Amino acid sequence: MRKWHALLVGLLLLVSACTPVFDNKDEVTQETKDKNSNQSSIVPNHSISEETYRMILSEDRSKVSKARSVTVNQMGNRMDIAEFEQGLRRHSKEYYDPEEYFFQPGQFLSGDTLLSWLSRYEEGEEGLNPELEEDEATAEQFRKNPKYISNIVEQDYLVKKDDDVVELEGITIGISLRTVYNFTAEGRDYKEDHSTEELLKKGKEYAGTILKRLREREELKNVPVVFALYEEEEASSEVPGQFLTKTMVKGSSSSIGDWKDIDEKHVLFPSKEAENDYFEDSQIFSDFRDEVSDYFPNFVGMIANGFYVNDELQQVSIDIPIQFHSQSEVVGFTQYVYGLVVEMFPDHYDVEVKINSMDQQESLIVQQGGEEEPFVHIYE
């Protein structure tokens with residue numbers, strides 16, 4: 001197990017020895033239609049920040065997520081997996097205020113249900129994707145019946161009522177769509193690209209079908225539903241995909257109204273896209289890379305992921321792979337990079353720098369937008 005810096009550990013021990021232990025959690029009951037099946041859960045008293053949801057932790061650990069494996073198995077890019085789930089929470093904040101709502105992983109759509117929706121629905125309804133057998137269908141049949149949708153994620157949002165009872169007051173459904181459709185037919189592998197326009201059209205159709213199925217459930221008839229459409233990147237991409245649009249359906253409604261466009265993008269540095277579309281930001285990264293090269297001339301492979309909203313850079317995450325020979329090298333290099341972050345990056349967006357050796361993370365530097373000095377941590 002990696003250890004925190006010895007000085008920090010000592011300070012933590014000193015503080016813990018001088019302070020009382022507080023109860024930092026509440027126990028709440030989640031009501032269901034069947035009063036005999038109400039569930040007890042734990043809610044932390046404190047959130048990490050005002051913008052972070054407090055998560056409901058079920059005492060039954062099997063209920064942590066009913067469909068988590070579906071996301072992992074259906075999405076080919078690990079970056080898409082993280083961005084899809086985190087981004088859903090980010091966009092849910094527009095409709096479910098973190099100061100009022102609690103978050104819980106989806107509890108109404110099981111993994112089996114979602115898998116059947118993605119292929120053939122158990123009760124006779126058609127799956128959202130066409131059912132084609134690789135051994136029998138031709139390439140032309142696959143082209144005419146592409147599988148656009150790869151994954152569906154449910155997130156639940158609850159509100160605390162009287163007597164420590166929480167009730168479901170909203171859900172978010174994320175629909176992930178394939179940029180690239182890979183299939184095998186007639187003994188050959190094929191690859192078909194899907195345009196953003198195609199994905200928007202099909203994703204909105206899927207949302208209408210899913211809403212109908214949700215409303216058929218007694219416990220979800222009158223619950224507000226937020227839908228968000230996500231465009232995946234290719235499996236080999238070094239940055240995740242992007243959310244395209246979202247909408248909210250009121251609890252009493254069974255139809256979807258207007259959609260709200262989302263202007264977000266993850267951009268790889270260095271890349272032609274970054275150089276052409278975000279030249280100033282690309283130049284800062286290039287200069288930063290040159291300064292790092294002056295310290296370690298033989299380092300290779302430094303990349304960064306810039307997250308843009310409405311064409312404004314919100315966060316840049318930088319990975320620096322270096323082979324170190326001693327802990328003192330790690331400390332010295334981290335101090336050097338710390339200085340570069342302070343001097344070279346503007347303070348109106350977040351900067352995260354991860355310094356890694358071959359098999360582990362060595363240090364972390366985080367500069368929050370608006371803060372004067374970055375946070376730095378060196379692992380031992």
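A. Local environment of the packing of helix α8 (residues 279-295) against helix α9 (residues 327-344). Axis separation between α8 and α9 bottoms out at 11 Å; the angle between their running directions is 155°. Put simply, α8 runs roughly antiparallel to α9. The element α8 and its partner α9 pack so that their crossing is right-handed. Contacts between α8 and α9 involve Ile284, Asp287, Phe288, Glu291, Val292, Asp294 and Tyr295 from the former and Gly332, Phe333, Tyr336, Val337, Leu340, Val341 and Met344 from the latter. Partitioning the contact of α8 with α9 into residue classes produces 10 nonpolar, one polar and three charged.

B. Representation of the pattern of salt bridges within the structure. Tallied over the entire structure, the rule returns 12 salt bridges. The salt bridge involving glutamate 140 is made with arginine 143; its shortest N-O contact spans 3.7 Å. One end of the pair, glutamate 140, and the other, arginine 143, are both in helix α5 (residues 139-144), three residues apart, so they sit about a helical turn from each other. Using a relative accessible area of 41% as the deciding quantity, one classes glutamate 140 as partly exposed. Among the ionic pairs, glutamate 205 bridges to lysine 202, the shortest N-O distance being 3.2 Å. Here glutamate 205 pairs with lysine 202, and both are found in helix α6 (residues 196-215), just three residues apart, close to one helical turn. One network of salt bridges, in which partners are shared, links Glu83, Arg90 and Glu264.

C. Region of interest: helix α4 (residues 111-118). Across the eight residues of α4, six count as buried, placing the element largely inside the fold. Residues of α4 that are buried: Gly111, Thr113, Leu114, Ser116, Trp117 and Leu118.

D. Seen up close, the packing of aromatic side chains. Going through the model one piece at a time under the given rule, you end up with 19 aromatic pairs. Measuring from ring centre to ring centre gives 5.2 Å for tyrosine 96 and tyrosine 101, while their planes differ by 50°; the resulting arrangement is tilted. Across the pair, exposure class does not vary: tyrosine 96 and tyrosine 101 are buried alike. Here the aromatic residues Tyr53, Tyr96, Tyr101, Phe103 and Tyr157 are joined through ring pairs into a cluster of three or more.

E. Fine view of the side chain of threonine 247. Tracing the backbone shows threonine 247 in strand β11 (residues 242-249). Of note is the side chain of threonine 247, whose polar atom sits 2.7 Å from the backbone oxygen of aspartate 258. Setting aside anything within four residues of it in sequence, one finds threonine 247 in contact with Tyr95, Val225, Val226, Phe227, Ile256, Asp258 and Trp259.

F. Here's a closer look at α6. Taking 1.5 Å of rise per residue, the 20 residues of α6 would be expected to cover 28 Å, and the 28 Å separating its terminal C-alpha atoms lies within 8% of that figure. Every buried residue of α6 is listed here: Leu199, Gly203, Tyr206, Ala207, Ile210, Leu211, Arg213, Leu214 and Arg215. For α6, the elements touching its buried residues are α4, β6 (149-160), β7 (165-177), β10 (225-231) and β11.

Calculation rules
- Residues numbered from 1 in each chain as written.
- Predicted model: local features only at pLDDT ≥ 70, side-chain atom pairs only at ≥ 80, totals over all residues.
- Heavy atoms only, no water.
- Axes fitted to C-alpha atoms, helices over the stretch in contact; angles between N-to-C directions.
- Helix = DSSP H or I, 4+ residues; strand = E, 2+ residues; numbered from the N terminus.
- Parallel < 35°, antiparallel > 145°, perpendicular 65-115°, else oblique.
- Left-handed = near helix turned anticlockwise from the far one by under 90°.
- Contact = heavy atoms within 4.5 Å.
- Nonpolar A, V, L, I, M, F, W, Y, C, P; charged D, E, K, R; others polar.
- Salt bridge = Lys/Arg side-chain N within 4 Å of Asp/Glu carboxyl O.
- Buried < 20%, exposed > 50% of the residue type's maximum accessible area, 1.4 Å probe, protein only.
- Phe/Tyr/Trp six-rings, centres within 6.5 Å; stacked < 30°, edge-to-face > 60°.
- Polar contact = N/O pair within 3.5 Å; in protein donor to acceptor, adjacent residues only side chain to side chain.
- Expected span 1.5 Å × (residues − 1).

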